[in-house]
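Here is what each chain is made of, one letter per residue.
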Amino acid sequence: MHRRLILAAPLLLALPAAAQEQRAGSIAVSHPWTRAAGQGGTGAGFLTLRNTGSTPDRLVGASSPAARTTELHTHIREGEVMRMRPVPAIEIPAGQAVTLQPGGLHLMLIGLQQALDQGGSVPVTLRFERAGEVTVQLAVQAAGARGPMHH
């Protein structure tokens, strides 16, 4: 009995990490998170998209019942100022990963219908050109968080 438990232990330890990953076709979505924000304001969504297939794909849209509108955004430098700009799609090359993170590519949750409270979660549906749709839960971190909290 103890021997079986010892052999199963690595599998049990891997469950929380595997449970965070969601899939749409060949796209694996992991570590989805956001920051706390007030109702009526704007929030941002961050996550990693990994294309396990042999064909490139693109994130072409997103939506959330928590926001009036959800857009794909990036940061660009204009002179000495960093500005956010919408992008039509986010390329995900075959066999590679793209991380949406603060200061780079991200989701914008505009016109929040409710406050994003630390410790809660926010549903977001991602729409891919080839892989279809998948709904993930963005874990709400502290307002100034710089990354997902790993458990």
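Whatever comes next refers back to the structure up there.
In this text the structure is predicted, and so the values were computed from the model without any measurement.

K.L.:
Looking at this model, I keep getting lost on the overall build of the protein chain. Mind explaining?
P.N.:
Scanning the protein chain for helices and strands turns up one helix and 11 strands. N-terminal to C-terminal, the α/β element order of the protein chain is α-β-β-β-β-β-β-β-β-β-β-β. Across the 151 residues in the protein chain, those meeting the buried criterion constitute 36%. Here the protein chain displays about 8600 Å² of accessible surface, and carbon together with sulfur accounts for 55% of that area.

K.L.:
Teacher, can you tell me more about unusual backbone geometry here?
P.N.:
Most peptide bonds take the trans form, and the phi angle of most residues other than glycine is negative. Of note, the phi angle at His31 is positive, near 50 degrees, even though the residue is not glycine. Within the secondary structure, His31 sits in strand 2 (residues 27–35). Note on His31: relative accessible area 29%, which makes it partly exposed.

K.L.:
Please explain the packing of aromatic side chains as it appears in this structure.
P.N.:
Given two aromatic rings, their pairing is described by the distance between the two centres and the angle made by the two planes. Counted according to the given criterion, the structure contains one aromatic pair. Seen from their ring centres, Trp33 and Phe46 are 4.5 Å apart, and the 35 degrees between their planes marks the pair as tilted. Placement of Trp33 in strand 2 and of Phe46 in strand 3 (residues 42–51) is noted, with a sequence separation of 13 residues between them. Here the two residues Trp33 and Phe46 agree in accessibility, since each one is buried.

K.L.:
Sorry if this is basic, but what is going on with the pairing of strand 2 here?
P.N.:
On a regular strand, each side chain points to the face opposite its neighbour's, so the side chains alternate between the two faces of the sheet. Most of strand 2 is tucked away: seven of the nine residues are buried. With three bridges joining them, strand 1 (residues 22–24) and strand 2 adopt antiparallel strand pairing. What sits directly across from Ala24, in strand 2, is Ile27. From the end of strand 1 to the start of strand 2, which pair antiparallel, there are two residues, and Gly25 there has a positive phi angle of about 60 degrees. Bridge count for strand 2 against strand 3 is six bridges, and the pairing is antiparallel. If you follow Ser30 over to strand 3, its bridge partner there is Thr48. Between the end of strand 2 and the start of strand 3, which pair antiparallel, lie six residues, with Gly40 showing a positive phi angle near 85 degrees. Relative to strand 11 (residues 132–141), strand 2 is paired through three bridges, and the arrangement is parallel.

K.L.:
In this structure, what is going on with the side chain of Thr70? I would like to understand it.
P.N.:
Relative to the helices and strands, Thr70 is located in strand 5 (residues 67–78). Using a relative accessible area of 13% as the deciding quantity, one classes Thr70 as buried. At a separation of 3.5 Å, a polar atom in the side chain of Thr70 contacts the main-chain amide nitrogen of Ser64.

What counts, and at which threshold
Residues numbered from 1 in each chain as written. Predicted model: local features only at pLDDT ≥ 70, side-chain atom pairs only at ≥ 80, totals over all residues. Heavy atoms only, no water. Helix = DSSP H or I, 4+ residues; strand = E, 2+ residues; numbered from the N terminus. Buried < 20%, exposed > 50% of the residue type's maximum accessible area, 1.4 Å probe, protein only. Areas by Shrake-Rupley, 256 points an atom, 1.4 Å probe, with all protein chains shown as cover. Phe/Tyr/Trp six-rings, centres within 6.5 Å; stacked < 30°, edge-to-face > 60°. Pairing = 2+ DSSP bridges. Polar contact = N/O pair within 3.5 Å; in protein donor to acceptor, adjacent residues only side chain to side chain.

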